[in-house]
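Structural features, examined
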Amino acid sequence: MKITRLRIAGFGPYKTEQEVDFTRFDADGIFLITGKTGAGKSSILDAICFALYGSVPRFDGSELRLRSDHCDPADPSFVELEFTLKGDTYRVYRTPRYEKAKKRGVGTTTAQPDARLERLSAGTDGTGDWVGIAARPVDVGTELSRILPLKQDQFLQVILLAQNRFQRFLLAKTDDRLTVLRTLFGTLRFQQLETELLTRRKVLDDELTQVRHEIDGIVAATLRQLWRDDDEDPRPESPADPDLGWFDAALDTVDARLAAATRHAETASAALTAATAEYQAAEDRRRRQDRRDAAARTLTALEERGDEILGSREALRLAEHAARVWPQVCGRIDAEAAVGTAEATATAARAAWQRLAADDDADSADAAGLSTLIDDRLRQLGSLDDLLVEERRLPALDEQITDLERRTAAQIEALDAARLLLLALPERIDAATDALAAATLGAARAPEAEATLARAEAALAAADDVRRLETELVGVHRAEREAVAENTAAALHYQQLVDARLGGFAVELAAGLVDGEPCAVCGATEHPAPMTGDAAPVTEDDLDDARDLMSRRQGAVDAARTQSRDVDTLLTAARTRAGDDDADTLDATLRQAEDALAVAADHRARVPALESELARLRAGQAEAQAALVPLQLARDEATVHLAERRTERDGIAGRVQAQRAGFDSVTERAGRLRSELDAARALADALATSASARRTAEARAETLAAQLQEEGFADEAAAGLARLSPAEMQAGQAAIRAYDDDLAGARGVLAEADLAGLPEDPIDLDPTRLAHQAAGAARDDALARRESLRERATALTALVADARTRFALAADLLTTQAQVRQLAAVVHGDDPNTKRMKLETYVLAAQLEEIIAAANNRLRTMTGGRYALEHDDALQYRGSQAGLGLAIRDEHTGRARATHSLSGGETFLASLALALGLAEVVSNQAGGIALDTLFVDEGFGSLDGETLETAMSTLDSLRAGGRTIGLISHVESMKEQIPAKLAIRVTAQGYSEIVP
């Protein structure tokens, strides 16, 4: 991975946009990031980390602290980084979350983070275009995790060696070091292999347990088939460790029982056949005896009913004669009833006719007179048909006349209204035109009122800023005075420590004098009066702390003065904007501007309505003028129609008046004629029906007398006594037929040949029936026993076959399980793996040994051959996983010790050597991550001059491999030795800039 370009703005101490082209340091191979304390050197590395991972560890993941405090609300905050990995060039852009001023109103709002990721696509002409990959923070993070497999913590251990972080790989625990190495060398497949083996082992264990459980189930099922509660044999014992021989023996036992049960079932079936034949013969003789006795009893009972049946036969004969006479009886009765009904109808019709007919017509109630009357009424009604139609039109004509009168009046009224409107519209149009002109003039004053209001609001806001900044300036001046006082106290304290340090040198030297050894100052071997003192000596650490305190206090003074200047500048600008008017005057001006703007806005709001009203009035004037002629035509047409309808109605009324003949209307006269016609027709029909009914009754009486004589009845009453209902006749006939059938059946049964010669006493069936039942029960028990054993033998055969399959499967599983279990244990670091080292750890341990070898090439040089890293694969505490431990060998003692025991400078050198060795080995691995860029932030100040020279020589040797290394340090000698520099300066405004 090679970082090529960085562009930042509004990030940390950088307010304005800054750009760093790291490719310009490729020729040098090593460059120094230099600047004052707090200038923003480490922020360059923070920006790289934020671009790739979206957070900065030293800010505890808080994005709100990433935005520059120097930024104005409108200033942007972003980081843009370009890097090359495996031949592809990528560009990532991020903005942090921060608080910004609201666009409307006061206060702040949170600006949400943004991100995008692009890849450079090479063109055919040698140029390239950036192609988007992701455009949301979550999507950018996902894509970067796929492109750059290093996690943030691993990136900070092998590429971006930030302050107090890059030594973590040296001091890390085995599990943490394993995570870093797994990502760098891609050994996840070994962990997956280990997981797969453990899963396979568990599956085999489960399968073997399942097979054993299934064999136990087959044993239990075999025992259930081998013995049941109804078996006479003793219950078998459950085997402790069954084999196939036990299953075969169980099957042989059941087969032997089945053969015995089959023979017993055949014997019982033969006995049942003989008992059944004997029982059926006895039942047959007994049935014939019962049939003979029942027929004899039936014949005796039938002969006793002979006289009764003869009487029934005679009654049925008479009833059949009466049935042939009875329809004529019913016909005579119906004819006499019809005569009564017809005469009553004629009487009622005559009374109705007499109520309606005139005196001269009432006497003509015979058939001839009624016919003449009916013809007269039909003639009169025919002459009134047309007049009735015209009379029914009179109400509709009256309604039409009324409607035409109303429409004519409405047309006249509408015509008058249109004429009045045409006279009034010109005046209304002039008034609307004047109102529109006034509103347009008032609306034209709105821009001037808005400008006046804006000036008043700005001046009033500036006056508020003046009051706020004046109060803030008092506090800032107070803070500046306090900072100056604290800085002065810190300077005095430092001077006192320096004086005490110089004054205590003699006591310090005297404390180290030894009798007989020369003095470091004068060389004398005698020391008669060495200097003594009671005060605690001042050390270099005390001086460093005092210098740091003095530097911080001076920084606080500079910050306070800068803040004081900034507030003073803002106050001057606010006073300029506020002008010379006081707050009351500004308030009054603001209210006047608001009132003027409200009036102008009201005029502006009225203009559209007035324009619409004027257009409506003008359109109404044109419409009224156009509608005047149609209204006149409509009035004239309605007047003509009204006259026509009145003439038509008067003609019809005259004709109706001439034909009423004393009635209120022609309709009433026609109704009376129809009533007389209907009454006459009803009387004529009733008289004809009465005469016909009398003739029918006389004919029916003659027919009945002839039929009575033919059937042998003296009169109608005798026929009525002999008559039976149809149901009674059917019942009598059925009873006679049943008697005849029963009598013939009984005599036929007694005449059958197989009933002759039977004993008189009934045969006893109980002995043969009991013998048959006993034989059947014995046969059923034998068959049930045989079928039960046959089913058990079939089931047991299947169980034995299943057991053979399970035993074969268990043997295969045992062989495979033993192999997989041993291999999984070795790969997982369990027994018999004496090193307790997993396969992945074993592979990474080999890589770690290469890293240590590469690191020792530099560590021995930087430490003069004293220190060397060692790979520690010893067993860990309480059997924890081993294989990736590190130790440091001290050649002065010849022993290895923990890396935590190194001093600060020694830890820096060992960590630096380890980081360089890690980068070298990773870059040399096929398919690994090429670490072409390396950053080291501070730590060189802990080295003495000679060691620093050696470390610099080691870093300088890395340039031969094409790697670029960026260093951050305050050590002056490094500034002299490294010509390539990325300089950062602090501007007079307090924010930082990168020197071109």
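This text follows the structure it describes.
Residues numbered from 1 in each chain as written. Predicted model: local features only at pLDDT ≥ 70, side-chain atom pairs only at ≥ 80, totals over all residues. Heavy atoms only, no water.

1. Remarks on the overall build of the protein chain
Counting its regular elements, the protein chain contains 23 helices and 17 strands. Taking all 996 residues of the protein chain together, the buried fraction comes to 37%. Long-range pairs, those at least 24 residues apart, make up 74% of the contacts in the protein chain between residues at least 6 apart in sequence. About 56000 Å² of surface is accessible on the protein chain, with carbon and sulfur atoms providing 52% of the total. (Helix = DSSP H or I, 4+ residues; strand = E, 2+ residues; numbered from the N terminus. Buried < 20%, exposed > 50% of the residue type's maximum accessible area, 1.4 Å probe, protein only. Contact = heavy atoms within 4.5 Å. Areas by Shrake-Rupley, 256 points an atom, 1.4 Å probe, with all protein chains shown as cover.)

2. Remarks on helix H2 (residues 137-147)
An α-helix turns once every 3.6 residues. As a result, residues three or four positions apart point the same way. Within the sequence span of H2, burial applies to Val-140, Leu-144 and Ile-147. Axial view of H2: buried residues confined to an arc of 60°, hence all on one face. Exposed and oriented more than 90 degrees from the buried face of H2 are Val-138 and Arg-146. In this structure, the buried residues of H2 make contact with helix H1 (41-53), strand E4 (78-85), strand E5 (88-95), strand E8 (114-122) and strand E9 (128-134). (Arc of directions from axis to C-beta.)

3. Some words on the environment of Ser-564
Considering the arrangement of structural elements, one finds Ser-564 in helix H14 (residues 540-578). Overall, Ser-564 belongs to the buried group, its relative accessible area being 8%. Along the primary structure Ser-564 and Gly-475 are separated by 89 residues, whereas in three dimensions their C-alpha atoms are 9.3 Å apart. Other than its neighbours up to four places away in sequence, Ser-564 contacts Leu-473, Val-476, His-477 and Glu-480.

4. A closer look at the sheet that holds strand E13 (residues 895-898)
Spatial strand order, E11-E12-E13: 3 strands in an open sheet with antiparallel pairing. The strands lining the two open edges of the sheet, one partner per strand, are strand E11 (867-872) and E13. The sheet shows a mean angle of 40° between the axes of neighbouring strands, taken without regard to direction. (Pairing = 2+ DSSP bridges. Axes fitted to C-alpha atoms, helices over the stretch in contact; angles between N-to-C directions.)

5. Comments concerning the side chain of Gln-18
Structurally, the position occupied by Gln-18 is in strand E2 (residues 18-21). At 2.9 Å, the side chain of Gln-18 forms a polar contact with the backbone nitrogen of Ile-994. With near-sequence residues (within four places) excluded, Gln-18 lies in contact with Leu-6, Arg-7, Ile-8, Ser-992, Glu-993 and Ile-994. (Polar contact = N/O pair within 3.5 Å; in protein donor to acceptor, adjacent residues only side chain to side chain.)

6. Considering the packing of aromatic side chains
Overall, the coordinates contain 7 aromatic pairs when judged by the stated rule. Relative to Phe-31, the ring of Phe-22 has its centre 6.1 Å away and its plane inclined at 45°; by these criteria the two rings are tilted. Taken individually, Phe-22 and Phe-31 each receive the classification buried, so the pair is uniform in this respect. Connected via pairs of aromatic rings, a cluster forms that spans Phe-22, Phe-25, Phe-31 and Phe-935. Across the ring face of Tyr-98, the terminal group of Arg-67 is positioned such that the distance to the ring centre comes to 4.0 Å. Against the face of Tyr-93 rests Arg-116, its NZ or CZ located 3.9 Å from the ring centre. (Phe/Tyr/Trp six-rings, centres within 6.5 Å; stacked < 30°, edge-to-face > 60°. Lys NZ or Arg CZ within 6 Å of the ring centre and 35° of its normal.)

7. Details of the side chain of Thr-89
Relative to the elements of secondary structure, Thr-89 occurs in strand E5. There is a polar contact of 3.4 Å between the side chain of Thr-89 and the side chain of Thr-84. Setting aside residues no more than four positions away along its own chain, Thr-89 makes contact with Phe-83, Thr-84, Glu-118, Arg-119, Leu-120 and Trp-130.

8. So, the pattern of salt bridges
Going through the model one piece at a time under the given rule, you end up with 25 salt bridges. Here Glu-613 and Arg-616 are joined by a salt bridge, their closest N and O atoms 2.5 Å apart. Here the residue Glu-613 and the residue Arg-616 both occupy positions in helix H15 (residues 583-658), the gap between them amounting to 3 residues, near one helical turn. The class of Glu-613 is partly exposed, set by a relative accessible area of 28%. By relative accessible area, which is 46% here, Arg-616 ends up partly exposed. Overlapping salt bridges, with partners in common, bring together Arg-5, Arg-7, Glu-17, Glu-19, Glu-80 and Glu-82 in one network. (Salt bridge = Lys/Arg side-chain N within 4 Å of Asp/Glu carboxyl O.)

9. Considerations on the sheet that holds E8
Sheet architecture is open: 6 strands sit in the order E2-E1-E4-E5-E8-E9, paired in antiparallel fashion. Every other strand in the sheet has two partners, leaving E2 and E9 as the edge strands with one partner each. Strand-to-strand twist across the sheet, computed as the mean angle between neighbouring axes with direction ignored, equals 20°. Across 6 bridges, the pairing between E5 and E8 is antiparallel. Within the sheet, the bridge partner assigned to Val-92 lies in E8 and is Leu-117. Sheet strands in contact with H1 are strand E1 (2-9), E4 and E5, and its direction is about 75° off that of E4. Contacting E4, E5, E8 and E9, H2 runs over the sheet at an angle of about 45° to E8.

10. Notes on a negative patch on the surface
Side chains of Asp-541, Asp-542, Asp-545 and Asp-548 sit close together on the surface and give a patch of like negative charge. Here Asp-548 is to be found in helix H14. Look at Asp-548 and you get partly exposed, because its relative accessible area is 43%. (Patch = residues over 30% accessible without salt bridge, like charges linked within 9 Å, V, L, I, M, F, W, Y side chains within 5 Å. Lys, Arg positive; Asp, Glu negative; His and termini not counted. Charge placed at Lys NZ, Arg CZ, Asp CG, Glu CD.)

11. Details of the layout of surface pockets
In this structure, the largest pocket encloses a volume near 1200 Å³. Taken together, 36 residues line the largest pocket, and the ones lying closest to its centre are His-70, Ala-559, Val-986, Gly-990 and Tyr-991. Ranked by the residues each element gives to the lining of the largest pocket, the list is headed by H14, at 11 residues. Across the lining of the largest pocket, the residue classes tally to 9 nonpolar, 13 polar and 14 charged. (1 Å grid on protein atoms, 1.4 Å probe; cavity = no way out; pocket = protein on both sides within 12 Å on 5 of 7 lines; lining within 4 Å. Points joined across faces, edges and corners; volume = space filled by probe spheres on them. Nonpolar A, V, L, I, M, F, W, Y, C, P; charged D, E, K, R; others polar.)

12. Observations regarding the packing of helix H7 (residues 244-304) against helix H18 (residues 726-750)
It is the contact of H7 with H18, at a shortest axis distance of 9 Å, that shows an interaxial angle of 140°. Overall, the two elements H7 and H18 adopt an arrangement that is oblique. Regarding H7 and H18, the two cross each other, and that crossing is left-handed. Contacts between H7 and H18 involve Arg-291, Arg-292, Ala-295, Ala-296, Thr-298, Leu-299, Leu-302 and Glu-303 from the former and Tyr-739, Asp-742, Leu-743, Ala-746, Arg-747, Val-749 and Leu-750 from the latter. Residue classes in the contact of H7 with H18 are distributed as 9 nonpolar, 1 polar and 5 charged. (Parallel < 35°, antiparallel > 145°, perpendicular 65-115°, else oblique. Left-handed = near helix turned anticlockwise from the far one by under 90°.)

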